[in-house]
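# Fold and contact review
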Amino acid sequence: MLRPRLHERALLAVGTMAFSLFTVAAVMMPAATRYRADLYGALSPLGWVAFAIAVICGCLIIFTSIRRGSRYWLSGTTVMMGSYAVFFWLPVARGYVLFATPLSDSLIHLGIVRDVLSSGSIPDVIYPASHLLIALLASITDIKLTLFQPLVGYLFTLLLVLGILVSARRLLRSHTAGLYALLAGLPLLYASYHVVILPWFYTLTMFPIILYVADRWLTDRGDHRPYVMLFVFMTAIAFYHPMMCLLIAGLLVSYWGYLRLESWVPGQMDLSRRSVGPLVFLLLFPLAVITQWHLGLPRMQSRIGTILLAFQQGDQSAASFAGQAGQTSYTVSELLWEYLVLRWGPTVVYMGVGGLLLLAVCYRIWHRRTTIADRRIAALYLASFMTAIAALVVLRTRNPVRAVRFVLLIVVYLIALAFWNRHRIDSKLERWDSRVIVHSLLAIIVVVALLASGITYRGDAHLTETTIDGTTWHLEHQNGESITLAHRMARNIDIYQDGYREGRFNERVFTRYNATHQLPKHLGYDENETIATTLSDRRYLVTKYSDTQWYRSQPRSRYSELLFYNRSDAAALADDPAANRLYNNGDFDVWLAGG
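Residues numbered from 1 in each chain as written. Predicted model: local features only at pLDDT ≥ 70, side-chain atom pairs only at ≥ 80, totals over all residues. Heavy atoms only, no water.

## Here we look at the sheet that holds strand β3 (residues 579-584)
Sheet architecture is open: four strands sit in the order β1-β2-β4-β3, paired in mixed fashion. At either margin of the open sheet sits one strand with a lone partner, and together these are β1 (484-485) and β3. The sheet contact formed by β3 and strand β4 (residues 588-593) spans five bridges and is antiparallel. If you follow Ala579 over to β4, its bridge partner there is Ala593. (Pairing = 2+ DSSP bridges. Helix = DSSP H or I, 4+ residues; strand = E, 2+ residues; numbered from the N terminus.)

Here is the structure:
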């Protein structure tokens, strides 16, 4: 191990101090007594400056240690992942019950986990592995169930980072290249998906390890252990997320096909020594198992019908989603800022960089100056790009981040490849073009790391204790004869409270898609003087303090568009003799009103 230079020691000292300050600021952050629309504003500016310094120092430590061949990259990675650990814990430190709205899928997943803990049996859902994992951790640790959202998210993020390091070392055949991939993979590229419960994201974090095992099996002669490992991984992820399993299987088949084509080129080694038979069995057997599991579920036939109906009627794609956004009161600059920066910023930057680097690789392929690693990464990029096209066109994915989920990972390898090629050609950065390329890539990684951390927590996405308590009371006391009208509520929170098994899935108290279950705008007082005139039948009404506040996290020009009802409307309901308040905890009210 080389003795670190003074500036490496200084970077480590500054990064450690910044990490410590950020931790202290997080601990001292005041707990939210009511719904607050912005988590970032709760932490002191000094705390965020300390976090930014820790991230920058961590990246610089990793970069300088790679250039010098020292092991200080371990210290830099520790500073980064330690800062991320505190960052993931911020909603808990703020006192939120859960970083999720009442519309979030995390509530459904936690409701399923509650079923597992209460019944002790495997849930009848299409991907039970995530729920079984959280249930197992909950039974072992006996800590609050909602704490597993940031904890499990952080553990899978750590798995993703380590998987990128291991797989890049294998694919690029260089430990140094693997460290560059580690550096490029440290930003939270998937932003808010890291901090919520999403089985498809958990499956995605396993892809680099699966790629490592698949490459070992496809290119190493006489070693059958990777085959067994790959078989176990593919079977496991089929129960984490079947669609992701199918997409990963397609990527692996594409990678095997490229290796076969490469072996036919005169003068090239036969790197794909495995026949297609074991590969087909390896990929199709887990899919057959999970298909048999799915068809045995009581709800699967109705879901298949729903999917077919969506294909017949046409679902909203990402393009139509963006078109709807353009029809709102966003100005052009606000629209670009909202989507290209605040929602998809890391994806836009990395996809742009990946496109430029792919052009450079194609240029070298055209002039026959490429290495095996260049061609393999280019082939993986092409396969993942075709997967993205399938997600947008066939699966009609609305969110482009989910569509290009695999492409983003392959871009990490492209960045590592660009670093590594410069390192081989000019290890001391004596040429001006090497300095420009390397330092530009480093700056992009730092900027994306800061940007991704700055957009991870949406301002309107958290649950308070009052919302949970009020929902619990209403679900226990409503009689089921009168429907419930609410705003920004869904059956997700029903499932979180009552479990996934209890009651029929489509018969829940709250719903976001049925117009007859939504509160009238301004609670009807913009058109009528009393709620009895607005409602013809007796209805439960649920009003929340958060309903009058959440829109404040949006651009000011959209306030009038997003404001559904305000505190004046809620006060008018309180003074209306036709409305009977059944429950109140300060921030959550339940009323019985109507004809």
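## Some remarks on the packing of aromatic side chains
Considering all chains together, one arrives at 20 aromatic pairs under this definition. Both rings, one in Phe156 and one in Tyr240, keep their centres 6.3 Å apart while their planes meet at 75°; by these two values the pair is edge-to-face. Taken together, the positions of Phe156 in helix α7 (residues 148-171) and Tyr240 in helix α11 (residues 225-240) put the pair 84 residues apart, joining distant regions of the chain. Like Tyr240, Phe156 is buried. Ring geometry for Tyr583 and Phe588: centres 6.5 Å apart, planes at 70°, overall edge-to-face. Taken together, the aromatic side chains of Phe22, Tyr40, Trp48, Phe51, Phe87, Phe99 and Tyr457 make up a single cluster linked through ring pairs. Cation over ring: Arg114 sits above Tyr496, and NZ or CZ is 4.3 Å from the ring centre. (Phe/Tyr/Trp six-rings, centres within 6.5 Å; stacked < 30°, edge-to-face > 60°. Buried < 20%, exposed > 50% of the residue type's maximum accessible area, 1.4 Å probe, protein only. Lys NZ or Arg CZ within 6 Å of the ring centre and 35° of its normal.)

## Looking at the nonpolar core
Counting residues in each nonpolar core, the largest one holds 162 residues, and the members touching the most others are Phe87, Tyr190 and Tyr350. Ranked by residue count, the leading element in this core is helix α20 (residues 405-425), at 15 residues. For Phe87, the residues in contact, after removing those within four places along its chain, are Phe22, Tyr40, Trp48, Phe51, Leu188, Ser453, Thr456 and Tyr457. (Core = buried A, V, L, I, M, F, W, Y, C linked by side-chain atoms within 4.5 Å. Contact = heavy atoms within 4.5 Å.)

## Structural notes on the packing of α7 against α20
For the pair α7 and α20, the least separation of the axes is 11 Å and the interaxial angle reads 55°. It follows from the interaxial angle that α7 and α20 lie oblique. Judged by the sense of rotation from one axis to the other, the crossing of α7 with α20 is right-handed. Note on element contacts: α20 touches α7 through Leu409, Val412 and Tyr413, opposite Leu160, Ile164, Ser167, Ala168 and Leu171. Residues that form the contact of α7 with α20 fall into these classes: seven nonpolar, one polar and no charged. (Axes fitted to C-alpha atoms, helices over the stretch in contact; angles between N-to-C directions. Parallel < 35°, antiparallel > 145°, perpendicular 65-115°, else oblique. Left-handed = near helix turned anticlockwise from the far one by under 90°. Nonpolar A, V, L, I, M, F, W, Y, C, P; charged D, E, K, R; others polar.)

## A few points about the environment of Arg9
Relative to the helices and strands, Arg9 resides in helix α1 (residues 6-28). In the structure, Arg9 is positioned 63 residues away from Tyr72 in sequence and 9.2 Å away in space, judged by C-alpha atoms.

## Some words on the confidence of the model for the protein
Predicted confidence across the protein gives a mean pLDDT of 82, with 84% of residues reaching 70 or more. In the model of the protein, helix α14 (residues 300-313) stands out as the element of lowest mean pLDDT, 41, in contrast to helix α3 (residues 73-88), which has the highest, 96. Between residues 269-273, whose pLDDT stays under 50, and residues either more than four places distant or in other chains, the model counts 15 contacts. Per-residue pLDDT stays below 50 along residues 299-327; that stretch engages in 31 contacts with residues further than four places along the chain or on separate chains. (pLDDT = per-residue confidence, 0-100.)

## A few points about the side chain of Thr203
Note on placement: Thr203 falls in helix α9 (residues 199-205). What makes Thr203 buried here is its relative accessible area of 0%. In terms of polar contacts, Thr203 uses its side chain to reach the backbone carbonyl oxygen of Pro199, at 2.8 Å. Excluding residues that lie within four positions of it along the chain, Thr203 makes contacts with Ile237, Tyr240, His241, Met244 and Ile248. (Polar contact = N/O pair within 3.5 Å; in protein donor to acceptor, adjacent residues only side chain to side chain.)

## Things to note about a nonpolar patch on the surface
A cluster of nonpolar side chains, Leu382, Phe385, Met386, Ile389, Leu392 and Val393, forms an exposed patch at the surface whose accessible area comes to about 530 Å². On the secondary structure map, Ile389 appears in helix α18 (residues 372-393). (Patch = residues over 30% accessible without salt bridge, like charges linked within 9 Å, V, L, I, M, F, W, Y side chains within 5 Å. Areas by Shrake-Rupley, 256 points an atom, 1.4 Å probe, with all protein chains shown as cover. Salt bridge = Lys/Arg side-chain N within 4 Å of Asp/Glu carboxyl O.)

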